[in-house]
Amino acid sequence: MQITHSDIEKLARMAKLKLSAAEMQAMETDLGDIFALVDQLNEVDTSRIEPTSQVTGLSNVTRPDVDNYTFAADDMAATMPDVTDDGYLRVHALFKKD
Amino acid sequence: MQTIASLRKQLDNKEVSALELLEAALARVTATKELNTYITVAADHARARAKAAQKDIDAGRHSLLTGIPYAAKDEFCTKGIETTAGSKILQGYIPPYSATAIERLGDAVLIGKTNQDEFACGSSSEHSAFGPVKNPYDLTRVPGGSSGGSAVTVASGDVPLALGTDTGGSVRLPAGFCNVVGFKPTYGRIPRYGVIAMASSLDTVGMFTNTVQDAALVLQQLAGPDQFDSTSPDVPVDDYAAGLQQSIKGLKIGIPKEYMDVAGLDPDMRAMVEAAAKTLADLGAQLVDVSLPHTKYGLPTYYLLCPSEVASNMARYDGIQFGPRAEGSTLDEVFYNTRALFGAEVKRRIMIGTFTLSAGYVDAYYKKAQAVRSLVIQDFRNSFAQVDVILTPSSPTPPFVIGDRQMDPVAMYAADIYTVCPALAGIPGIVVPGGVVGGLPAGVQLLAPQFAEKRLLNVAHQFEQARGPIDLQLAM
């Protein structure tokens, strides 16, 4: 798989990563090398093999739908970058007034 | 060399107090600052905990770990103590809760958070935002990663126990590089609640100790299901320590030819593993050649699945709810500017994972790798039908020099050749010091089927006892 400069730009946008020109260059080289490694998987015939997403064999693990927090709302608020006086998380507006 | 077992005796016999043990640990950490073992030393917190533990010891209401000093990789959330996962993007983050593993260690005394590769992305502990960790046996060399700090703090004699995480080898590789025992149980055996997620289908809580017996004792405390971790199966917890003394006569030890035939395996490392095999044979075990035919696809499979899951798990770091928030005039700018705090290796993995999970590519890449993962699992299932445990090297080479592989991702990934396949299969693995190669630590890895930790610890303990002392000197 050949990774082009335009691929890198698109991926960086999708991942919300701001890369400098030097980082873009390095990324092209490094990703090229890494994809050369993972492309080896094309040698394996997996046409009749089920994919494994997890190794526990568990499915539909549920618990009662009750509040089981081990910490208070104030403890959470303390981790927020910008909190209003009444304990709400403040963020930039998503929508503009017209 | 401290062990939990011996320190417990000293505490109970009042030969030493919990506070004295703690102060000795803190002094040693200060004296070996150059190793850059710790991101945070929580001295005041630890002193309060040591004093409380001593009250319990004096009142006779203590348990195995009361007052025992330990460390945890900075990937573990610790209530009230800064937790960074080795990253600037979590600098200053103070969790409001502790990981289940931390809670289950009860009144053991946490002395601090160890240094690591950022978000566990690495095999050398060079990709930390807080500087590389150094190997205590040779300060010019890496201690392995990503749980380098935790390996070093035990190897260097600060504490007898340190928690780590192992996703593709991040406990087992550093254990081999640092002359300590590194244990990765079955995926899900120890709950992951409160462990900062790297690759969720692979992340496993593990530990570093000086002896296999200590690992068995600690597993006893940590193993078992958790309502907060839906991937922790309700499988009974064995009495791990009780099984250690059992004879291994007649037990079948598989040696996988694909592992021993790896081109990059240092000949002296191979000889050391062969000597380990002989030690096991002398104890009455039977050596059996086995084949794990998809071994060479372990690294490509892992380095496709892992970054995919990393990319997904790193999406939460956007400066909105927690951690540092960068300036920006729009929401988008906040995202971009905050995520600029990630280091180079994390960015690489995010980029790969963004590609492999994107529309049009997910079938050819992520799903393909998941199918090869099934084949790797099948390889182990087939081998364990013939043998009880599998013996392998822990690393193709002794610890490499700091800086040698830092700029070459694929060369760095190659260090994981022996550890990734067991990780993909979710089986337990333990690395035990095997000997000395070129004056440096060298470990051997033992593997067992899922939830066969009792058998695995038994064989590892018997090997450790028969192997005898290792002739190595700490550099400081």
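None of the values given here were measured: they were computed from a predicted structure. For every chain, the first residue of the written sequence is number 1, and numbering continues from 1 along that sequence. Chains and ligands are labelled sequentially in the order written, the chains with letters from A and the ligands with numbers from 1. Local features in this predicted model are restricted to residues whose pLDDT is 70 or higher, and side-chain atom pairs enter the listing and the counts only when it is 80 or higher, whereas totals over whole chains, interfaces and linings include all residues. Heavy atoms throughout the structure, all of them, feed into the side-chain values; hydrogens and water do not.

A few words now on the overall build of chain A. Here a strand is any run of E in DSSP of at least two residues, a helix any run of H or I of at least four, and the numbering for each starts at the N terminus. Within chain A, the regular secondary structure consists of three helices and zero strands. Walking chain A from its N terminus toward its C terminus, one meets helices and strands in the order α-α-α. Here the globule rule is a power law, 2.2 Å times the number of residues to the power 0.38, and the radius of gyration is based on C-alpha atoms. Since a compact globule built from 98 residues should have a radius of gyration of about 13 Å, the 23 Å found for chain A marks it as more spread out than a globular shape. For chain A, the C-alpha atoms occupy an extent of roughly 55 × 45 × 30 Å along the three principal directions. Buried residues are those whose accessible area, probed at 1.4 Å on protein chains only, stays under 20% of the maximum for their type, while exposed residues exceed 50% and partly exposed ones sit between those limits. Counting every position in chain A, which comprises 98 residues, the buried fraction comes to 28%. The accessible surface values rely on the Shrake-Rupley method and a 1.4 Å probe; as for residues, cover is taken only from the protein chains in view. In the form shown here, chain A has an accessible surface area of approximately 7,100 Å², with 50% of it arising from carbon and sulfur atoms. Computing the positive centroid from 9 side-chain charges and the negative centroid from 18, chain A places the two 9 Å apart. Neither His nor the chain termini are counted; the positive set is Lys and Arg, and the negative set is Asp and Glu. To locate a charge, the coordinates of NZ of Lys, CZ of Arg, CG of Asp or CD of Glu are taken.

Here we take up the interface of chain A and chain B. Listed per partner, the contact involves 52 residues of chain A and 68 residues of chain B. When chain A packs against chain B, close to 5,200 Å² is buried across both sides, 70% of that on carbon and sulfur atoms. Three residues stand out in chain A for area buried against chain B, namely A:Lys16, A:Leu41 and A:Val55, and they jointly supply 13% of the buried area on that side. Salt bridge, as applied in this entry: a Lys or Arg side-chain nitrogen positioned within 4 Å of an Asp or Glu carboxyl oxygen. Run the count over chain A and chain B and you get four salt bridges. Residue B:Arg348 pairs with A:Asp30 through a salt bridge whose shortest N-O separation is 3.1 Å. Secondary structure elements with two or more residues in the side of chain A that touches chain B: helix H1 (5-14), helix H2 (21-38) and helix H3 (73-77) of chain A. The dominant element in the side of chain A that touches chain B, judged by the number of residues it contributes, is H2(A), at nine residues. Here the term charged refers only to Asp, Glu, Lys and Arg, the term nonpolar to Ala, Val, Leu, Ile, Met, Phe, Trp, Tyr, Cys and Pro, and the term polar to all other amino acids, Gly among them. Considering only residue class, the side of chain A that touches chain B consists of 29 nonpolar, ten polar and 13 charged. Working rule for contacts: check all heavy atoms of both residues, and any pair within 4.5 Å makes them a contact. Buried area: the accessible surface (1.4 Å probe) lost by two parts on joining, summed over both.

In this section: the confidence of the model for chain A. For chain A, per-residue confidence averages 92 on the pLDDT scale, and residues scoring 70 or more make up 99% of the total. Note on scores: pLDDT gives the predictor's confidence for each residue, bounded by 0 and 100. Confidence scores differ between elements of chain A, with H3(A) showing the lowest mean pLDDT of 88 and H1(A) the highest of 96.

The next point concerns the environment of B:Gly434. All names here are of chain B. Mapped onto the elements of the fold, glycine 434 is located in strand S10 (residues 429-437). The exposure class assigned to glycine 434 is buried, which follows from its relative accessible area of 16%. In this view, glycine 434 contacts Met272, Ala442, Gly443, Val444, Phe463, Arg467 and Ile470; residues no more than four positions away in its chain are not counted.

A separate point is the pattern of salt bridges. Across all of its chains, the model carries 19 salt bridges over all chains by this definition. Measuring nitrogen to oxygen at the nearest pair gives 2.7 Å for the salt bridge that ties A:Arg90 to A:Asp82. We classify A:Arg90 as partly exposed; its relative accessible area is 40%. Overall, A:Asp82 belongs to the partly exposed group, its relative accessible area being 25%. Here B:Lys257 ties to B:Glu258 by a salt bridge, and the two come within 3.6 Å at their closest N and O atoms. Owing to a relative accessible area of 49%, B:Lys257 belongs among the partly exposed residues under this scheme. Three or more residues joined by partner-sharing salt bridges are found here, namely A:Asp30, B:Glu345, B:Arg348 and B:Arg349.

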